[in-house]
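Fold and geometry: a report
What follows is each chain in one-letter form.
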Amino acid sequence: MSLVVDECRPAWDALSREDPRGDRELARLGLAPILLDTANLTAADKVKEKDTRAVRYLEAKAPEPGFTLAAYFDDVSAVKEDVSGLSLRDILRKDYKEWHDAGLALGVSAVVQGFPYLLRKAEATPQSFPEHLAAWAAERSLDVAAVMTTSTPPGGEFQRHLLVWGRGARGQAAAGRFAALARERLRLETWQDGGLDHEGEARYAWRQGELTASRKQVAPLLREAIKMA
């Protein structure tokens, strides 16, 4: 979005001089993904000069009394994290990416709530959370299914959880290889005494200590493990 803003600034300014209607709404639309992806410009490892430049431009494009970036960030974050109206299948497919390497299929679901939320959500259904995930993996014909979560418990700190499940002999080998490969790099700690683990099925759930590692960093490690399995 920052690149889009940079590219479109001359055209936007020209249009605004003729008719500024809609500027405020369009500026808010542009601000939302930049603020979300950079944690309101506080994520030092993500924020680039182009991001701060785009935010300053958009903020000035449609001034409004009482508007603050912090309050707007809180508002859009709350909307982003509200998946209460979605089924577990829809949560798993909402932000989902899939890769195929060495004849194996890898699917990674990014979820904006942690494992406790997903387990509570499953309690209202006839199936457990692992059963829902197994159904999704079967629907997508996955050899390795992964779930990455982000959450900030009330009064707590930002957390990342990661679950990796190998399906079939080669998928299980890949999951085991990933566990060995990524444990130190991602600072993985077994989640809640192994409550979601199943060694025989190569299902591992962790709390991820390396909080800067999003799917962009974790997926390549998974793909590397798949190619080695």
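Residues numbered from 1 in each chain as written. Predicted model: local features only at pLDDT ≥ 70, side-chain atom pairs only at ≥ 80, totals over all residues. Heavy atoms only, no water.

**Description of the overall build of the chain**
Cut-off, in case you're wondering: Put simply, DSSP marks the helices as runs of H or I at least four residues long and the strands as runs of E at least two long, and each gets a number from the N terminus on. Contacts: residue pairs with any heavy atoms within 4.5 Å of one another. Only the protein chains shown count as covering a residue, and every accessible area follows the Shrake-Rupley method with a 1.4 Å probe. In this tally, Asp and Glu contribute negative charge and Lys and Arg positive charge; neither His nor the terminal groups of the chain are included. Working definition for charges: the position is that of NZ of Lys, CZ of Arg, CG of Asp or CD of Glu.
Tallying secondary structure elements over the chain gives 9 helices and 6 strands in all. Considered along the principal axes of its C-alpha atoms, the chain spans approximately 65 × 40 × 30 Å. Across the chain, contacts joining residues at least 24 apart in sequence account for 69% of those joining residues at least 6 apart. With an accessible surface of roughly 12,200 Å², the chain has 52% of that area assigned to carbon and sulfur atoms. Side chains of the chain carry 32 positive and 34 negative charges; the gap between the two charge centres is 3 Å.

**Remarks on the UniProt feature "domain: DHHA2" (unreviewed entry) in the chain**
Selection rule: UniProt positions are given in the numbering used here, feature names are shortened, and annotations may be inferred rather than shown by experiment.
Under the local residue numbering, the UniProt record ascribes the feature "domain: DHHA2" (unreviewed entry) to residues 73-226. In this annotation, residues 73-226 is assigned 41% helix and 25% strand; the end-to-end C-alpha distance for the span is 37 Å.

**Overview of helix α9 (residues 215-228)**
What counts is decided by this rule: Each residue after the first adds 1.5 Å to the expected span of a helix.
A rise of 1.5 Å per residue sets the reference length of α9, with its 14 residues, at 20 Å; its end C-alpha atoms lie 20 Å apart and thus fit the reference within 8%. Looking at the buried positions of α9, the neighbouring elements they touch are β1 (96-101), β2 (104-111), β3 (144-151), β4 (159-166), α8 (168-182) and β6 (203-208).

**Description of the nonpolar core**
When a protein is soluble and globular, its nonpolar side chains tend to lie buried together. For clarity, the cut-off: Buried Ala, Val, Leu, Ile, Met, Phe, Trp, Tyr and Cys residues that are joined via side-chain atoms within 4.5 Å together make up what is termed a nonpolar core. Type-normalised accessible area, obtained with a 1.4 Å probe on protein chains alone, sets the label of each residue: buried when under 20%, exposed when over 50%, and partly exposed for intermediate values.
Within the largest apolar cluster, 27 residues are counted, with the highest numbers of intra-cluster contacts made by L162, V164, F178, L186, W206, V218 and L222. When contributions to this core are tallied by element, the ones reaching two or more residues are β2, β3, β4, α8, β6 and α9. Excluding its chain neighbours within four sequence positions, the residues that come into contact with V164 are V144, A145, A146, A175, F178, A202, R203, Y204, W206 and L222. If you look at the next biggest cluster of nonpolar residues, it comprises 25 residues, including V83, V111, L118 and V147.

**Re the pattern of salt bridges**
This is how it is decided: For salt bridges, the criterion is a side-chain nitrogen of Lys or Arg within 4 Å of an Asp or Glu carboxyl oxygen.
Inspection of the entire model under this criterion finds 15 salt bridges. As a salt-bridge pair, E64 and R24 come within 3.6 Å of each other at their nearest N and O atoms. Remark: R24 occurs in helix α2 (residues 23-37) and E64 occurs in the loop between α3 (49-61) and α4 (69-81); sequence separation between them is 40 residues. On the basis of relative accessible area, R24 is assigned to the partly exposed category, the value being 38%. Shared partners join several salt bridges into a network, and the residues in it are R89, D90, R93 and E139.

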